[in-house]
Amino acid sequence: MVREIYENELNALLELYLNLHEQSVPEMSDNLKNTWDSIMNDKNHHIIVKVIDDKIVASCVCVIIPNLTRGVRPYAFIENVVTHKDYRGRGYATECLNFAKEIAVSENCYKMMLLTGSKEKKTLGFYERAGYNSADKTAFIQWLE
């Protein structure tokens, strides 16, 4: 089943993020609680999960960003696309991305975009098969401390 995350699934999501780039699950702190509450209460912030046997095995984040151009149509930004290492190659992340696309279409977004730090052909091919391209835009990142 693919759906939006439930409020009580924070720990399961943080465990899944160990398969992304996190080294450990963060300690429960006021900052973590406040951030989670903010996400849960933001109608434009969607955490999409693939659940199998009550376990979150894949996820992505879709944030709808209001916009004053393109006919005052918003756009969607995709982040934190991840599948648990034991469940990769089965289409679960694609299901999450497709769910995100349904949200973006329902919100009248004019585009969806994502960034990846990967240079692996397999990963880039995955995003291309999901409908994304790397030809239309050039991404620049400035990391902040």
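1. Quick word on the overall build of the protein chain
Next up, step 1: Counting secondary structure elements, the protein chain contains 4 helices and 5 strands.
Next up, step 2: If you list the helices and strands of the protein chain from N to C, you get β-α-α-β-β-β-α-β-α.
Next up, step 3: Taking 2.2 N^0.38 as the reference for a compact globule, 145 residues should give roughly 15 Å; the C-alpha atoms of the protein chain span a radius of gyration of 15 Å, in line with that estimate.
Next up, step 4: The dimensions of the protein chain, computed from C-alpha atoms along their principal axes, are 40 × 35 × 35 Å.
Next up, step 5: Taking all 145 residues of the protein chain together, 36% fall into the buried category.
Next up, step 6: Taking contacts inside the protein chain between residues at least 6 apart in sequence as the whole, the part at least 24 apart equals 60%.
Next up, step 7: Total accessible area on the protein chain is roughly 9,900 Å²; 49% of this is exposed by carbon and sulfur atoms.
Next up, step 8: In the protein chain, 17 side chains carry a positive charge and 20 a negative one; their mean positions are 9 Å apart.

2. Here's the deal with the side chain of Asn67
Next up, step 1: As for its placement among the helices and strands, Asn67 is situated in the loop between strand S3 (55-65) and strand S4 (75-83).
Next up, step 2: There is a polar contact of 2.9 Å between the side chain of Asn67 and the side chain of Thr69.
Next up, step 3: Engagement of the side chain of Asn67 in a polar contact is seen with the backbone oxygen of Arg73, the distance being 3.1 Å.
Next up, step 4: Beyond its immediate stretch of four places on either side in the chain, Asn67 contacts Val72, Arg73, Pro74, Tyr75 and Tyr110.

3. Topic: the pattern of salt bridges
Here the idea is simple: oppositely charged side chains can pair when their charged atoms come close.
Next up, step 1: Summed over the entire model, instances satisfying the criterion amount to 3 salt bridges.
Next up, step 2: A salt bridge links Glu9 to Arg3; the shortest N-O distance between them is 2.7 Å. Of the two residues, Glu9 and Arg3, both sit in the buried class.
Next up, step 3: Among the salt bridges present, the one from Lys50 reaches Glu95, with a minimum N-O distance of 3.0 Å. With Lys50 in strand S2 (residues 45-52) and Glu95 in helix H3 (residues 92-106), the pair connects residues that are 45 residues apart, well separated along the chain.

4. Notes on unusual backbone geometry
Only a minority of non-glycine residues have a phi that is not negative, and only a minority of peptide bonds are not trans.
Next up, step 1: A positive phi angle, near 55°, is found at Arg70, a position not held by glycine.
Next up, step 2: For Arg70, the location among the structural elements is in the loop between S3 and S4.
Next up, step 3: Its identity as a non-glycine residue notwithstanding, Asn80 has a phi of 55°, on the positive side.
Next up, step 4: In this fold, Asn80 is placed in strand S4.

5. A short note on the nonpolar core
Next up, step 1: Membership of the largest hydrophobic core comes to 23 residues, with the highest contact counts inside it found for Ile48, Cys60, Cys62, Ile78, Val81, Leu97 and Tyr127.
Next up, step 2: Mapped by element, the contributors of at least two residues to this core are S3, S4, H3 and helix H4 (121-129).
Next up, step 3: It is H3 that contributes the most residues to this core, 7 residues altogether.
Next up, step 4: In this structure Leu97 touches Cys60, Ile78, Val81, Phe126, Tyr127, Ala130 and Tyr132, once residues within four positions along its chain are discounted.
Next up, step 5: One finds Leu13, Leu16, Trp36 and Ile56 within the second-largest nonpolar core, a separate group that totals 15 residues.

Thresholds applied
- Residues numbered from 1 in each chain as written.
- Predicted model: local features only at pLDDT ≥ 70, side-chain atom pairs only at ≥ 80, totals over all residues.
- Heavy atoms only, no water.
- Helix = DSSP H or I, 4+ residues; strand = E, 2+ residues; numbered from the N terminus.
- Rg over C-alpha atoms; globule rule 2.2 N^0.38 Å.
- Buried < 20%, exposed > 50% of the residue type's maximum accessible area, 1.4 Å probe, protein only.
- Contact = heavy atoms within 4.5 Å.
- Areas by Shrake-Rupley, 256 points an atom, 1.4 Å probe, with all protein chains shown as cover.
- Lys, Arg positive; Asp, Glu negative; His and termini not counted.
- Charge placed at Lys NZ, Arg CZ, Asp CG, Glu CD.
- Polar contact = N/O pair within 3.5 Å; in protein donor to acceptor, adjacent residues only side chain to side chain.
- Salt bridge = Lys/Arg side-chain N within 4 Å of Asp/Glu carboxyl O.
- Core = buried A, V, L, I, M, F, W, Y, C linked by side-chain atoms within 4.5 Å.

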